[in-house]
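Residue strings, one per chain:
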Amino acid sequence: MALISVVIPLYNEIGNVSPLCTALSNVLGDADADAEVIIVDDGSRDGSAVALDREAEARGARFKIIHLQRNFGQTAAMQAGIDAAQGEVIVTLDADLQNDPEDILPLARRLLKENLDVVAGWRKNRQDSLLLRKIPSQMANRLIRRLTGVYLHDYGCTLKAYRASVIKGVRLYGEMHRFIPAWLSTLTYTDRIVEVPVRHHPRRAGQSKYGITRTLRVLVDLLFVKFFLGYSQRPMHFFGVTGLALLSIGSAMLLYLFIDKFGFGAEISGRPMLIAGVLFFLAGLQFLNTGILGEMLARIYHESQDKKTYVVRHTVHLDPPA
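Presented here is a report on the structure given in the accompanying data block.

### Considerations on the side chain of R123
Here R123 lies in the loop between β5 (118-122) and α5 (130-148). R123 gets classed as buried once you look at its relative accessible area, which sits at 10%. At 2.7 Å, the side chain of R123 and the side chain of D154 are in polar contact. Apart from the residues within four sequence positions on either side, R123 is in contact with N99, D154, G156, C157, V198 and H200.

Right, here's the structure in full:
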């Protein structure tokens, strides 16, 4: 079995550090594969950093601890862990032990056995508050499924296994970690992204870092995700079509008023259609300009980083017969 990298972002989880490391050691110690554990301390201020260093020293080279300068957020911490991972399979996990480390290897094995790119955990029997966590999460997941076309029940479950060659092809910003399967749908087929039920436990120590306000942030992020998935490489298709539609409506209104004024001598200076026509016309021009700028920025984004608009899965090259 291939090398597995377990990436865990952690922030102020002093009560879970030792139980987490013990559980990981027990699970990975008898694994039929090499494994590394990368725990990213996201600027903890409660003693978690010292506890992590102590655990890593006691458990050997398999445990790698990355300390960030300050609290940058879960997405940045996860990206730091993914950047440092060396495994062919990268499994992400929360540090609060609500996800069960026992599920790490089954997810990784399924990904390799079935040649998948993502195996996502589904907290089918979620052990969280109904009103503050479950209901908002269900609503957000339903909306995400409809807008992204990637049909997972539980986008919020951090426990997921990724093929490293695919997950390293995306960069995570803001709070986009919950949308990783949607991002990856731009690099692979959705039938290579599957979901399996995983265990979920009540939080035993520490406090959750998320509240009801997270749902609002999810909705804002989702607007960007929807646009990026559909138009990141062709922004003119979005802004241009909208701009042409507005420009056509405005031009038709102004043409009608022009004919009415000079053909029939009607008074048009006080008519609402004149204002509406001018607004539609100017808005159309603005959308077209935005589309042109978007196309230029898209090219700068790809060309400045030598970023390809495609992903190669593998190459077969056979030498010609002698």
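### Here we look at the packing of aromatic side chains
As enumerated under the stated definition, the model contains three aromatic pairs in all. Measuring from ring centre to ring centre gives 6.1 Å for F239 and F287, while their planes differ by 40 degrees; the resulting arrangement is tilted. Highlighted residues: F239 in helix α9 (residues 235-264) and F287 in helix α10 (residues 272-304), separated in sequence by 48 residues. We classify F287 as partly exposed; its relative accessible area is 28%.

### Things to note about the pairing of strand β6 (residues 160-163)
Every other side chain in a regular strand lies on the same face of the sheet, so the side chains alternate between the two faces. Side-chain alternation along β6 places K160 and Y162 on one buried face and A161 and R163 on a second face that is also buried. Direction of pairing for strand β4 (residues 89-92) relative to β6: antiparallel, over a ladder of four bridges. For V91, the partnering residue across the bridge sits in β6 and is A161. Relative to β6, β5 is paired through three bridges, and the arrangement is antiparallel. What sits directly across from V119, in β6, is A161.

### Things to note about the pairing of β4
Burial of β4 is two-sided: the residues V89 and V91 facing one way and the residues I90 and T92 facing the other way are all buried. The sheet contact formed by strand β1 (residues 4-10) and β4 spans four bridges and is parallel. Of the residues in β4, the one forming a bridge with V6 is V91.

### A closer look at the sheet that holds β5
One open sheet accounts for seven strands, arranged β3-β2-β1-β4-β6-β5-β7; its pairing is mixed. Among the strands making up the open sheet, the edge pair consists of β3 (63-67) and β7 (193-197). Taking each pair of neighbouring strands and ignoring which way they run, the sheet shows an average axis angle of 20 degrees. As defined by bridge partners, β5 adjoins β7 across five bridges and the pair is classed as parallel. Directly across from W122, in β7, lies its bridge partner P197. In the packing of helix α2 (residues 48-59) onto the sheet, the strands contacted are β1, β2 (35-41) and β3, and the crossing angle to β3 comes to about 155 degrees.

Procedures and definitions
- Residues numbered from 1 in each chain as written.
- Predicted model: local features only at pLDDT ≥ 70, side-chain atom pairs only at ≥ 80, totals over all residues.
- Heavy atoms only, no water.
- Helix = DSSP H or I, 4+ residues; strand = E, 2+ residues; numbered from the N terminus.
- Buried < 20%, exposed > 50% of the residue type's maximum accessible area, 1.4 Å probe, protein only.
- Polar contact = N/O pair within 3.5 Å; in protein donor to acceptor, adjacent residues only side chain to side chain.
- Contact = heavy atoms within 4.5 Å.
- Phe/Tyr/Trp six-rings, centres within 6.5 Å; stacked < 30°, edge-to-face > 60°.
- Pairing = 2+ DSSP bridges.
- Axes fitted to C-alpha atoms, helices over the stretch in contact; angles between N-to-C directions.

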